[in-house]
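Given next are the chains, with one letter for each unit.
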Amino acid sequence: MKVLKPGLLTTVQDIGRTGYQKYGVLASGAMDTVSLRIANLLIGNSENEAGLEITLMGPGPSFYFSKTTLIAVTGADFTLRINDEEAPLWKPVLVKENSTVSFGPCKLGSRAYLAAAGGFDVPAVMESKSTYVRAGIGGHHGRALQKEDELSIREMSPLSQTILSRLSPQLGKQGFAVPKWSVSRGRFLPLKKNPVIRVLEGKQFGFFTEESKTRFYEETFRVTPQSDRMGYRLKGEPLELKAPLEMVSEAVSFGTVQVPPDGNPIILLADRQTTGGYPRIAHIISADLPIVSQIMPGEQVQFEPVSLQEAEALAIEREQHIKELKTRMKMEWLT
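Residues numbered from 1 in each chain as written. Predicted model: local features only at pLDDT ≥ 70, side-chain atom pairs only at ≥ 80, totals over all residues. Heavy atoms only, no water.

Novice: Describe in detail the overall build of the protein chain, supporting the description with residues and values.
Specialist: Regarding its fold elements, the protein chain presents 6 helices and 18 strands. For the protein chain, the spread of C-alpha atoms along the principal axes amounts to about 70 × 35 × 35 Å. Looking at the protein chain residue by residue over its 335 residues, the buried ones come to 54%. Counting contacts in the protein chain only where the partners sit at least 6 residues apart, residues at least 24 apart contribute 77% of the total. A total accessible area of about 14,900 Å² is found for the protein chain, and carbon and sulfur atoms account for 51% of it. Positive and negative charge centroids in the protein chain, built from 39 and 37 side chains respectively, lie 5 Å apart. (Helix = DSSP H or I, 4+ residues; strand = E, 2+ residues; numbered from the N terminus. Buried < 20%, exposed > 50% of the residue type's maximum accessible area, 1.4 Å probe, protein only. Contact = heavy atoms within 4.5 Å. Areas by Shrake-Rupley, 256 points an atom, 1.4 Å probe, with all protein chains shown as cover. Lys, Arg positive; Asp, Glu negative; His and termini not counted. Charge placed at Lys NZ, Arg CZ, Asp CG, Glu CD.)

This is how it looks when you write it as structure tokens:
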């Protein structure tokens, strides 16, 4: 695969670099791990195989495939084109040799994920292929993709080979072939503008004034342009503590909502630091992390409290849906 246009920010990401935060090494990984996992499952890869995370703010990237390649593209709602023909999202796509795959502007969401059968052949660093650009590790030379970069694709799994062989007879003059069915985006990634995000109370929630606690749930916050893969900076009516609070830095995770001295919350994301010293007012539940990851700067968010039991039930339900998809993929292609 050759990069014709790199887009705003296109990096190689898998599920993340786990087990090294105790040494101060960031986890990184895909912002929307669910979309990446499903893209991989659709083409017979393991769920944790590295794919491309494509930031869609304005025109997206374009890639040239010199050989017939099985891919899947998931994530945001946008127009995907193969040789100037519109191609579907959220299903296996067999791309004909000498074809160009192009990503158009986003209609809803902000990130797309492209997985290729076999996975991209980049070296693992600390057991992960994820790119952490600031440290220059992982992915393709530790950086975002650039024009003229070339990525090799590794050998396919038996399931991927079966999907490819079943779709190959459909290739004709058109630059791609797809099955009749597709996965419902809404079941895994219910995108909408200005979403309501469900949270659990953070460890320091009780240290905020009653007015601030009420405001946190009743008012909206705008995602500022200063947001990135490390965190979303929010702007709204400042949140205040009852009294000054001296804290020792503690571990943080994907979805932690911290409040710095200026009172404007920060949602910590994939490239978050390993520890933080600001009060943690809330934590986003795992079921809503993919939705948060697809928010565009300028959009507004509102927070809604849920119980731990509700959060667990939603996480279990999502994992059950993914497990069902994995089973149905095998039944579809191997029977």
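Novice: Describe the nonpolar core, with residues and values.
Specialist: Formed by 58 residues in total, the largest nonpolar core has its most connected members in Leu52, Phe63, Ile71, Val73, Phe78, Phe103 and Leu114. Core analysis: the next-biggest nonpolar cluster, separate from the first, contains 30 residues, Leu239, Val257, Ile267 and Leu289 among them. (Core = buried A, V, L, I, M, F, W, Y, C linked by side-chain atoms within 4.5 Å.)

Novice: Can you break down unusual backbone geometry residue by residue, with the values?
Specialist: The phi dihedral of tryptophan 90 falls on the positive side, at around 60 degrees, and the residue is not glycine. Mapped onto the elements of the fold, tryptophan 90 is located in the loop between strand E6 (85–87) and strand E7 (93–95). The backbone phi angle of asparagine 194 is positive, close to 50 degrees, even though this residue is not glycine. Among the secondary structure elements, asparagine 194 is positioned in the loop between helix H3 (185–188) and strand E10 (196–201). The class for asparagine 194 is partly exposed, based on a relative accessible area of 40%.

Novice: I'd like a rundown of the pattern of salt bridges, residues and numbers included.
Specialist: Tallied over the entire structure, the rule returns 18 salt bridges. Linking glutamate 148 and lysine 2 is a salt bridge whose minimum nitrogen-to-oxygen distance equals 3.1 Å. On the criterion of sequence distance, the pair formed by glutamate 148 in the loop between strand E8 (99–116) and helix H2 (158–167) and lysine 2 in strand E1 (residues 2–5) is long-range, its members being 146 residues apart. Using a relative accessible area of 45% as the deciding quantity, one classes glutamate 148 as partly exposed. By relative accessible area, which is 26% here, lysine 2 ends up partly exposed. The shortest N-O distance in the salt bridge between arginine 187 and glutamate 324 comes to 3.2 Å. One end of the pair, arginine 187, is in helix H3; the other, glutamate 324, is in helix H6 (residues 308–334), and 137 residues separate them in sequence. Judged by relative accessible area, which is 30%, glutamate 324 ranks as partly exposed. Three or more residues are tied together by salt bridges with common partners; here these are Arg37, Glu47, Arg318, Glu319 and Lys326. (Salt bridge = Lys/Arg side-chain N within 4 Å of Asp/Glu carboxyl O.)

Novice: I'd like a description of the packing of helix H1 (residues 33–42) against H6, backed by residues and values.
Specialist: Between H1 and H6, the least distance of the axes is 10 Å, while the angle of their chain directions is 15 degrees. With respect to H6, the element H1 is oriented roughly parallel. Of the two possible hands of crossing, H1 and H6 adopt the one that is right-handed. Between H1 and H6, the contacting residues are Val34, Arg37, Ile38, Leu41 and Leu42 on the first element and Arg318, Glu319, Ile322, Leu325, Lys326 and Met329 on the second. Per-class residue counts for the contact of H1 with H6 are 7 nonpolar, no polar and 4 charged. (Axes fitted to C-alpha atoms, helices over the stretch in contact; angles between N-to-C directions. Parallel < 35°, antiparallel > 145°, perpendicular 65-115°, else oblique. Left-handed = near helix turned anticlockwise from the far one by under 90°. Nonpolar A, V, L, I, M, F, W, Y, C, P; charged D, E, K, R; others polar.)

Novice: Quick rundown of the side chain of serine 130? Include the residues and the values.
Specialist: Inspection of the secondary structure assignment puts serine 130 in the loop between E8 and H2. Judged by relative accessible area, serine 130 falls into the buried class, the value being 0%. At a separation of 3.4 Å, a polar atom in the side chain of serine 130 contacts the side chain of glutamine 13. (Polar contact = N/O pair within 3.5 Å; in protein donor to acceptor, adjacent residues only side chain to side chain.)

Novice: Please set out the pairing of strand E2 (residues 9–13) residue by residue, giving values where relevant.
Specialist: For E2, the buried fraction is high: 4 of the 5 residues fall into the buried class. Bridging between E2 and strand E3 (residues 51–55) involves 5 bridges; their strand directions are antiparallel. Residue pairing across strands places threonine 10 opposite isoleucine 54, the latter belonging to E3. (Pairing = 2+ DSSP bridges.)

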